[in-house]
Amino acid sequence: MTVPIDEAGTSDRAFALLQELLPQHLMSRGMHRLSRSTRPWLRDALLRAVLRAYPQIDLGEAANPDPHAYPSFNAFFTRALRPGVRPLEGGQRDLVSPVDGTMSQLGTIRDGQLLQAKGIHYTADALLADETAARRYDGGGFACIYLAPYNYHRIHMPLAGRLTATRYVPGQLFSVNAATARVIPGLFARNERVVCEFDTELGPLAVVMVGALFVGSVETVYAGEINPPARRGGVVHSIATGLGSDFERGAELGRFNMGSTVVLLLGHRAARFAEHLGPGTTVRLGQALARCE
């Protein structure tokens, strides 16, 4: 029997329990080192494994379609797209998808709450690690998009905006797939993440890049690799680099290693998501998600 996307099963709970027992950060640091190795035999072994496991990868869309031309597996995994393969839909008042991926949840932020899965909510305050910032989004919209290992792994701007804050928030590294989201309360607010906030013509915008198992690396175009971090004592760390920078709609913002999740929060209260969108919907970078009236 197929398990609906919003209902947890026994296998989901077993998978979550296994993750509780794993040395999440140690495993992610190991993947970080392996994926950046420039030893041809190791790079090629990783390439063969991933290309075999994920035939959905479309190398024809890559700026360089030859996987063996990349110096490391990570360079291949975070490869650029050919110009023009992801045109932006709509106009400047349309929120576009910042990534290729699968919609986990979307909707309205009510009383500071975001829906994670059926029966599970988490707060904007916990996600953003800033109570004052969270209040700016109440009544606005949110969208949570999961990136599978076969997806394009760069993150782009859903709207034009000016960077007002970047925060590294330490946390755990659970998988962020649908099975885990159905079981782990407050998953996206528990995992390690990088919060980027912007002022836009449509109000405040937050782009939250959530780390996951084997995703021990998030970087931005303005601050470089933010994690794995230097020793910061496990506290939220504000990053001053890049503050005040302007980004055009569709401009590259950052990138992930391996699959993960992006959560968008928009403070505009008149944002209307496209009717066809829902949990499990496939979306692509540049696709219009919401119109802001």
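Relevant structure appears above.
A brief look at the structure comes next. (Residues numbered from 1 in each chain as written. Predicted model: local features only at pLDDT ≥ 70, side-chain atom pairs only at ≥ 80, totals over all residues. Heavy atoms only, no water.)

Structural notes on the overall build of the protein chain
Counted only if it meets this: Elements are defined by DSSP. Helices are runs of H or I of four residues or more, strands are runs of E of two residues or more, and each kind is numbered from the N terminus. Throughout, a residue-residue contact means that at least one pair of heavy atoms, one from each residue, lies within 4.5 Å. The accessible surface values rely on the Shrake-Rupley method and a 1.4 Å probe; as for residues, cover is taken only from the protein chains in view.
Counting its regular elements, the protein chain contains 8 helices and 18 strands. Residue pairs in contact within the protein chain that sit at least 24 positions apart in sequence constitute 78% of those at least 6 positions apart. As displayed, the protein chain offers around 12900 Å² of accessible surface, 53% of which is attributable to carbon and sulfur atoms.

Overview of the sheet that holds strand β10 (residues 218-220)
Operational definition: Here a strand pair is declared whenever DSSP counts at least two bridges between the two strands. Axis definition: a line fitted to C-alpha atoms, over the contacting stretch in the case of helices. Angles run 0 to 180 degrees between N-to-C directions.
Taking strand neighbours across the sheet as the criterion, the 4 strands line up as β6-β14-β10-β11 in an open arrangement whose pairing is antiparallel. Two strands close off the open sheet at either side, each with one partner strand: β6 (154-156) and β11 (224-227). Neighbour to neighbour, the strand axes of the sheet diverge by 30° on average, direction disregarded. Looking at chain direction, β6 and strand β14 (residues 252-256) are connected through 3 bridges and run antiparallel. The residue of β14 that forms the bridge with Ile155 is Gly254.

So, empty space enclosed by the protein
Put simply, the rule reads: As defined here, a cavity is a set of points on a 1 Å grid over the protein atoms alone where a 1.4 Å probe fits but cannot get out. A pocket is an open set with protein on both sides within 12 Å along at least five of seven lines, and residues line them when an atom is within 4 Å of a point. Grid points are joined across faces, edges and corners, and a volume is the space filled by probe spheres set on the points. Throughout this entry, Asp, Glu, Lys and Arg are counted as charged residues, while Ala, Val, Leu, Ile, Met, Phe, Trp, Tyr, Cys and Pro are counted as nonpolar. The remaining residues, Gly among them, count as polar.
Tallied over the full model, the rule gives 1 cavity of 30 Å³ or more. Each pocket or cavity is described by its volume, and for the largest cavity that value is around 50 Å³. Looking at the largest cavity, the residues that line it are Leu95, Gly141, Phe142, Ala143, Leu264, Leu265, Leu266, Ala271 and Phe273. Where the lining of the largest cavity is concerned, the elements lending two or more residues are β5 (141-147), β15 (260-266) and β16 (271-273). Its residues assigned to classes, the lining of the largest cavity comprises 8 nonpolar, 1 polar and no charged.

Observations concerning the side chain of Thr200
The condition is simple: For every residue, the accessible area (1.4 Å probe, protein chains only) is compared with the maximum for its type, and the residue is labelled buried under 20%, exposed over 50%, or partly exposed between those bounds. Here a polar contact means two N or O atoms within 3.5 Å. Within protein one must be a hydrogen donor candidate and the other an acceptor candidate, and residues neighboring in sequence count only if both atoms are side-chain atoms.
One can find Thr200 in strand β8 (residues 193-200). Here Thr200 falls in the buried class, since its relative accessible area comes to 14%. Within the local environment of Thr200, its side chain forms a polar contact with the backbone nitrogen of Leu202, the two atoms lying 3.0 Å apart. Polar side-chain contacts of Thr200 include one of 2.7 Å to the backbone oxygen of Gly203.

Description of the layout of surface pockets
Roughly 280 Å³ of volume is contained in the largest pocket. The wall of the largest pocket is formed by 17 residues, among which Glu61, Arg86, Asp100, Tyr150 and Asn151 lie closest to the centre. Looking at the lining of the largest pocket, the elements that each hand over two or more residues are β2 (101-108) and β17 (282-283). Split into classes, the residues belonging to the lining of the largest pocket amount to 6 nonpolar, 5 polar and 6 charged.

Concerning the environment of Glu61
Its location among the elements puts Glu61 in the loop between α3 (40-53) and α4 (73-77). The buried category is assigned to Glu61, whose relative accessible area is 16%. With 24 residues separating them along the chain, Glu61 and Val85 place their C-alpha atoms 6.7 Å apart. What Glu61 contacts, discounting residues up to four positions off in sequence, is Leu81, Arg82, Val85, Arg86 and Arg284. For Glu61, the side chain forms a polar contact with the side chain of Arg86, separated by 2.9 Å. Among the polar contacts listed, one links the side chain of Glu61 to the side chain of Arg284, at a separation of 3.4 Å.

Comments concerning unusual backbone geometry
Here the phi dihedral of Asp111 falls at roughly 55°; this positive angle occurs in a residue that is not glycine. Here Asp111 shows up in the loop between β2 and β3 (113-117). When its relative accessible area of 71% is taken as the criterion, Asp111 is described as exposed. Positioned with a positive phi, Ala129 is a non-glycine residue whose angle comes to about 60°. With respect to the helices and strands, the residue Ala129 is situated in the loop between α5 (124-128) and α6 (131-135).

Quick word on the pairing of strand β18 (residues 288-292)
Sheet topology note: the strand β1 (residues 94-96)/β18 ladder contains 3 bridges and is antiparallel. The partner of Asp94 across the bridge, within β18, is Arg291. For β16 and β18, the ladder comprises 3 bridges, and the chain directions are antiparallel. Note on β18: the bridge partner recorded for Phe273 is Ala290.

Points about the nonpolar core
Note the threshold: In this text, buried Ala, Val, Leu, Ile, Met, Phe, Trp, Tyr and Cys residues form a nonpolar core when linked through side-chain atoms within 4.5 Å.
In this structure, Met103, Phe198, Leu205, Val207 and Val262 are the most contacted members of the largest nonpolar core, which totals 35 residues. Elements that contribute at least two residues to this core include exactly β2, β5, β7 (161-169), β8, β9 (203-210), β14, β15 and β18. Those residues within four positions of Phe198 in sequence are excluded, and the remaining contacts are Met157, Gly161, Arg162, Leu163, Thr164, Gly203, Pro204, Leu205, Val207, Phe247 and Leu253. Residues Leu127, Leu128, Val210 and Leu265 belong to the second largest nonpolar core, which totals 26 residues.

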